[in-house]
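# Results of the structural survey
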Amino acid sequence: MATTATSRLPDRRDALLIAAAAVAVNLIGALGVPFTATQSAWFTSLELPAFYPPGWAFGVVWPVLYALCGAAAALVYLAGRDGAAPAGRVRAALALFGVQLAVNVAWSPTFWGLERPDLGLAVLAVLLPLVAATIRLFDRVDRRAAALLVPYLAWVCFATALNYAIWALN
């Protein structure tokens, strides 16, 4: 059964914390950007699947997803701070969140930097269950936080299919 802090809306201070967390997760997510080279000779030589989205889509989707992730983590933190959830449950959820975020960031240097779609797929094979487990732990603390991660899980599923298709075609 989930412990939920949905009975109270965030006050101004909480809203600032949520916004700061959204920005912080975006900054962490941006660590992979220097490795992304869509115009590189390697990438342009790849056969891409028909469902590969336009390049601009990644620049729109990822910041939104990272903002949702940051907001979700902040809600979990706030539930712990306010005593709405047991401290151990909050620590476990936030620790797993940190692990999955680190694995997420590892994908860009693996796929792009090493030019290894096979290893990128391996990273995603680790990331996918970590995201699902994070949602499960977040749900035990604050259902809103878990719900905010659902679009991220959907996109990681799509990214896995996309990475697999690139690997299979090349």
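A quick note: this is a predicted structure, and the numbers were derived from the prediction, not measured. Along each chain, residues carry numbers from 1 onward, in the same order as the chain's sequence is written. Selection of residues for local features in this predicted model requires a pLDDT of at least 70, selection of side-chain atom pairs for listing and counting requires 80 or more, and totals for whole chains, interfaces and linings are taken over all residues. Only hydrogens and water are set aside when side-chain values are computed; all heavy atoms of the structure are taken into account.

### Focus: the pattern of salt bridges
Any Lys or Arg side-chain nitrogen found within 4 Å of a carboxyl oxygen on Asp or Glu counts as a salt bridge. Tallying each qualifying case throughout the model produces five salt bridges. Salt-bridge contacts for aspartate 139 lead to arginine 143; the nearest nitrogen and oxygen are separated by 3.3 Å. Across the pair aspartate 142 and arginine 144 runs a salt bridge, and its minimum N-O distance is 2.7 Å. A 1.4 Å probe rolled over the protein chains alone gives each residue an accessible area, and that area as a share of the maximum for its type sets the label: buried under 20%, exposed over 50%, partly exposed in between. A relative accessible area of 24% places arginine 144 in the partly exposed class. Several salt bridges converge on common partners, so that one network encompasses Asp14, Arg81 and Asp82.

### Re the nonpolar core
Only buried Ala, Val, Leu, Ile, Met, Phe, Trp, Tyr and Cys residues count toward a nonpolar core, and they belong to the same one when joined by side-chain atoms within 4.5 Å. Judged by nonpolar contacts, the single largest core of 37 residues is most densely connected at Val76, Phe97, Leu127, Phe138, Val141, Leu149 and Tyr152. For this core, the elements supplying multiple residues, two or more each, are helix H1 (12–29), helix H3 (55–81), helix H4 (87–113), helix H5 (117–139) and helix H6 (143–169). Top contributing element to this core by residue count: H3, with twelve residues. Phe43, Trp112, Leu162 and Ile166 belong to the second-largest nonpolar core, a separate cluster that totals seven residues. Counting from the N terminus, the helices are the DSSP runs of H or I reaching at least four residues and the strands are the DSSP runs of E reaching at least two.

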